[in-house]
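Descriptive structure summary
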Amino acid sequence: NDGAFHTGDIGVMDERGYLRITDRIKDMFITGGFNCYPAEIENGMYRHPGIAQVAVIGIPDERVGEVGMAFVVPRPGATLDPAELIAWCREQMAHFKAPRRIEIVSALPTNASGKVLKYELRKRVPALRVPARTERLVLRLWRDEDLAPFAALNADPLVMEHFPTTLSRAESDA
């Protein structure tokens, strides 16, 4: 692509011209139109004295598209309350960046080199139900058994699993 090698990394260039890699583009999520970078949120959360490790992922949200969910490992001897930690985050960072859900865990899944396996964390989040109004909209738009126009949704199993594979005329008029 125009001689550039696309790595999928996000970085910033300092005043000396050095590039510092800060995150991965695939980890970024969008909350209400704002780009949220998990590494930035994690760095902010590390300022909390009770946090030993943290990993943030984006999860689906009916209202704003996606929101942050943090998996937090407390420091030895620390007791963390998810609601209090969310309130702390809202005081420390922009409201849209603050995680909406926090799960306290004993350890984060990592590979042999110690990198957090965020895809394993995504597997822990139960699939969220597609809002009923979305399903009704689909049923009104496609009244026959041909759902081929939805083939592109196969890339998103969180969405696809909630749409029926076939519809009868009676179901589509409901």
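In short, a report on the structure. Note that the structure is predicted; figures quoted are calculated from it, not measured.

**Observations regarding the overall build of the protein**
Looking only at helices and strands, the protein has 6 helices and 7 strands in total. Listed by position from the N terminus, the elements making up the protein come as β-β-β-β-α-β-β-α-β-α-α-α-α. If you sum the accessible surface of the protein, you get close to 11,200 Å²; carbon and sulfur atoms cover 53% of it.

**Topic: the side chain of His 48**
Topologically, His 48 is positioned in the loop between helix H1 (38-45) and strand S5 (51-61). Here Gly 50 takes part through its backbone nitrogen, which lies 2.9 Å from a polar atom of the side chain of His 48. What His 48 contacts, discounting residues up to four positions off in sequence, is Leu 80, Leu 85 and Trp 88.

**A short note on the environment of Arg 63**
Inspection of the secondary structure assignment puts Arg 63 in the loop between S5 and strand S6 (65-74). As a C-alpha pair, Arg 63 and Thr 31 span 32 residues in sequence and 9.3 Å in three-dimensional space.

**Some words on the packing of aromatic side chains**
One pass over the full model with this rule turns up 1 aromatic pair. Seen from their ring centres, Phe 34 and Phe 96 are 4.4 Å apart, and the 20 degrees between their planes marks the pair as stacked. Linking Phe 34 in strand S4 (residues 34-36) with Phe 96 in the loop between helix H2 (82-92) and strand S7 (101-104), this pair joins segments that are 62 residues apart in sequence. For Phe 34, a relative accessible area of 45% translates into the label partly exposed. With relative accessibility at 23%, the residue Phe 96 sits in the partly exposed group.

**A closer look at the pairing of S6**
Counted residue by residue, S6 has 7 buried out of 10 residues, so it is predominantly covered. The pairing of S5 with S6 spans 10 bridges and is classified as antiparallel. By the bridge assignment for S6, Ile 57 is matched with Met 69. Sheet topology places S6 next to S7; 4 bridges connect them, and they run parallel. Counterpart to Ala 70 in the pairing with S7 is Ile 102. For the handedness criterion, the β-α-β arrangement of S6, H2 and S7 is classed as right-handed.

**Some thoughts on the nonpolar core**
The tendency in soluble globular proteins is for nonpolar side chains to be buried side by side. One finds Met 45, Val 72 and Leu 85 to be the most contacted residues of the largest nonpolar core, which totals 17 residues. Counting residues per element, this core draws most heavily on H2, at 4 residues. Those residues within four positions of Val 72 in sequence are excluded, and the remaining contacts are Met 45, Ile 51, Gln 53, Val 54, Leu 80, Leu 85, Ile 102, Glu 103, Ile 104 and Val 105. Counting residues in each nonpolar core, the second largest holds 12 residues, with Val 64, Met 69, Val 105 and Leu 121 among its members.

**Looking at the pattern of salt bridges**
The full count for this structure, using the stated rule, is 3 salt bridges. Across the salt bridge formed by Glu 42 and Lys 118, the nearest N and O atoms sit 2.8 Å from each other. In this pair, Glu 42 is assigned in helix H1 and Lys 118 in helix H3 (residues 118-124), connecting sequence segments 76 residues apart. Of the charged contacts, one joins Glu 120 and Lys 123 as a salt bridge, the two residues approaching to 3.6 Å between their closest N and O atoms. Separated by 3 residues within a single helix, Glu 120 and Lys 123 lie in helix H3, roughly one turn from each other. With a relative accessible area of 28%, Glu 120 lands in the partly exposed category.

Cut-offs used in this document
Residues numbered from 1 in each chain as written. Predicted model: local features only at pLDDT ≥ 70, side-chain atom pairs only at ≥ 80, totals over all residues. Heavy atoms only, no water. Helix = DSSP H or I, 4+ residues; strand = E, 2+ residues; numbered from the N terminus. Areas by Shrake-Rupley, 256 points an atom, 1.4 Å probe, with all protein chains shown as cover. Polar contact = N/O pair within 3.5 Å; in protein donor to acceptor, adjacent residues only side chain to side chain. Contact = heavy atoms within 4.5 Å. Phe/Tyr/Trp six-rings, centres within 6.5 Å; stacked < 30°, edge-to-face > 60°. Buried < 20%, exposed > 50% of the residue type's maximum accessible area, 1.4 Å probe, protein only. Pairing = 2+ DSSP bridges. Right-handed = clockwise from strand over helix to strand, strands pointing away. Core = buried A, V, L, I, M, F, W, Y, C linked by side-chain atoms within 4.5 Å. Salt bridge = Lys/Arg side-chain N within 4 Å of Asp/Glu carboxyl O.

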